[in-house]
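Structural overview
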Amino acid sequence: QKEVEQNSGPLSVPEGAIASLNCTYSDRGSQSFFWYRQYSGKSPELIMFIYSNGDKEDGRFTAQLNKASQYVSLLIRDSQPSDSATYLCALGSARQLTFGSGTQLTVLP
Amino acid sequence: NAGVTQTPKFQVLKTGQSMTLQCAQDMNHNSMYWYRQDPGMGLRLIYYSASEGTTDKGEVPNGYNVSRLNKREFSLRLESAAPSQTSVYFCASSGPTGNEQFFGPGTRLTVL
């Protein structure tokens, strides 16, 4: 059973701050990791994926992967109110994704 | 490109009624998925289809059936709806690796 754990939050940060979202997983064989953003009442939207240890940057988003410690994180720099959403971490294996329950982020103006 | 489309957007059923949720994608993806999302539970995989003509059970398949009609379409059927199936249902599709999945807008189903 692959497990993906996320702090459900809610996590609140002021506008302009760095938001840090964390995810731990139990399956050491997992090779691919994804972050989805889900606005209230909408469908999940893929924002980042990472396959290798280290950091991967895309605009204001940075995904960090540490396979030895079995965690993956998402940093959002210069947070904006439009970043307020639920962020889902997912593990990829054998053409399937296992999702965490999500962390609700609120960016305060 | 419309991406992944789902119908209907909303549905209310009575216990014991049946219905089919429709999903179609125009991205020429081989793999398609059905998930349900409940508060605090995240997304749970019901069934998936790695390619046309194949389907496999996911984490929570009981009470559901699926049909991969062709490469574009993947339907989910509830034969005898139960209140426990009240949920938001998402269809998704992906390319060769199966990992970068793209989601439809969802169907909000209430079973009374």
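My aim in this report is to walk through the structure given alongside it, one point at a time. (Residues numbered from 1 in each chain as written. Chains lettered and ligands numbered in written order. Predicted model: local features only at pLDDT ≥ 70, side-chain atom pairs only at ≥ 80, totals over all residues. Heavy atoms only, no water.)

1. Section: the overall build of chain B
Tallying secondary structure elements over chain B gives zero helices and 11 strands in all. Along chain B, from the amino end to the carboxyl end, the secondary structure elements read β-β-β-β-β-β-β-β-β-β-β. Relative to the compact-globule value of 13 Å for 112 residues, chain B shows a C-alpha radius of gyration of 13 Å, a close match. Based on the C-alpha atoms only, the size of chain B along its principal axes is roughly 40 × 25 × 25 Å. Each of the 112 residues in chain B was classed as buried or not, and the buried ones make up 50%. The long-range share in chain B, meaning contacts at least 24 apart out of those at least 6 apart in sequence, stands at 55%. In the structure as shown, chain B presents an accessible area of about 5,100 Å², 50% of it carried by carbon and sulfur atoms. Of note, chain B has its 10 positive side-chain charges centred 7 Å away from the centre of its 8 negative side-chain charges. (Helix = DSSP H or I, 4+ residues; strand = E, 2+ residues; numbered from the N terminus. Rg over C-alpha atoms; globule rule 2.2 N^0.38 Å. Buried < 20%, exposed > 50% of the residue type's maximum accessible area, 1.4 Å probe, protein only. Contact = heavy atoms within 4.5 Å. Areas by Shrake-Rupley, 256 points an atom, 1.4 Å probe, with all protein chains shown as cover. Lys, Arg positive; Asp, Glu negative; His and termini not counted. Charge placed at Lys NZ, Arg CZ, Asp CG, Glu CD.)

2. Notes on the sheet that holds strand β8 (residues 71-76) of chain A
All names here are of chain A. An order of β1-β3-β8-β7-β6 is seen for the five strands of this open sheet, with the pairing classed as antiparallel. Unpaired on one side and paired on the other, β1 (4-6) and β6 (54-58) mark the two borders of the sheet. Ignoring strand direction, the axes of neighbouring strands in this sheet form an average angle of 20°. (Pairing = 2+ DSSP bridges. Axes fitted to C-alpha atoms, helices over the stretch in contact; angles between N-to-C directions.)

3. Let's talk about the interface of chain B and chain A
With 23 residues of chain B in contact, the opposing surface of chain A contributes 21 residues. Note on chain B versus chain A: buried area summed over both sides is about 1,600 Å², and carbon and sulfur give 51% of it. Three residues stand out in chain B for area buried against chain A, namely Leu43(B), Asn99(B) and Glu100(B), and they jointly supply 31% of the buried area on that side. In this assembly, chain B and chain A are joined by zero salt bridges. Where chain B touches chain A, the interface holds six residue pairs in polar contact (both at pLDDT 80 or more). Elements that contribute at least two residues to the side of chain B that touches chain A include exactly β4 (31-38), β5 (42-49) and β10 (101-103) of chain B. For the side of chain B that touches chain A, the per-class residue count stands at 11 nonpolar, nine polar and three charged. (Buried area = accessible area lost by both parts, 1.4 Å probe. Salt bridge = Lys/Arg side-chain N within 4 Å of Asp/Glu carboxyl O. Polar contact = N/O pair within 3.5 Å; in protein donor to acceptor, adjacent residues only side chain to side chain. Nonpolar A, V, L, I, M, F, W, Y, C, P; charged D, E, K, R; others polar.)

4. A few points about the pairing of β4(B)
Residues and elements named next belong to chain B. Across the eight residues that make up β4, a large majority, eight, are buried. With seven bridges joining them, β4 and strand β9 (residues 87-94) adopt antiparallel strand pairing. What sits directly across from Trp-34, in β9, is Cys-91. In the sheet, β4 pairs with β5 via seven bridges, with the strands oriented antiparallel. Opposite Tyr-33, over in β5, you have Tyr-48 as the bridge partner. Between β4 and β5, which pair antiparallel and follow one another directly, the connecting turn spans three residues, one of which, Gly-40, has a positive phi of 75°.

5. Thoughts on the nonpolar core
The biggest cluster of nonpolar side chains holds 23 residues, and the ones touching the most others in it are Trp35(A), Val72(A), Leu74(A), Ile76(A) and Tyr87(A). Only β3 (19-25), β4 (32-38), β5 (45-50), β7 (61-66), β8, β9 (85-93) and β11 (103-108) of chain A provide two or more residues apiece to this core. The contacts of Leu74(A), once residues within four sequence positions are left out, are Ala19(A), Ser20(A), Leu21(A), Trp35(A), Ile47(A), Met48(A), Phe61(A), Thr62(A), Ala63(A) and Tyr87(A). Counting 20 residues, the second-largest nonpolar core is a separate cluster that includes Val4(B), Met19(B), Ala81(B) and Cys91(B). (Core = buried A, V, L, I, M, F, W, Y, C linked by side-chain atoms within 4.5 Å.)

6. Focus on the side chain of Asp83(A)
Residue and element names in this part refer to chain A. With respect to the secondary-structure elements, Asp-83 resides in the loop between β8 and β9. Judged by relative accessible area, Asp-83 falls into the buried class, the value being 2%. Discounting residues that sit within four places of it in the chain, Asp-83 has contacts with Arg-37, Arg-60, Phe-61, Ile-76, Asp-78, Leu-105 and Val-107.

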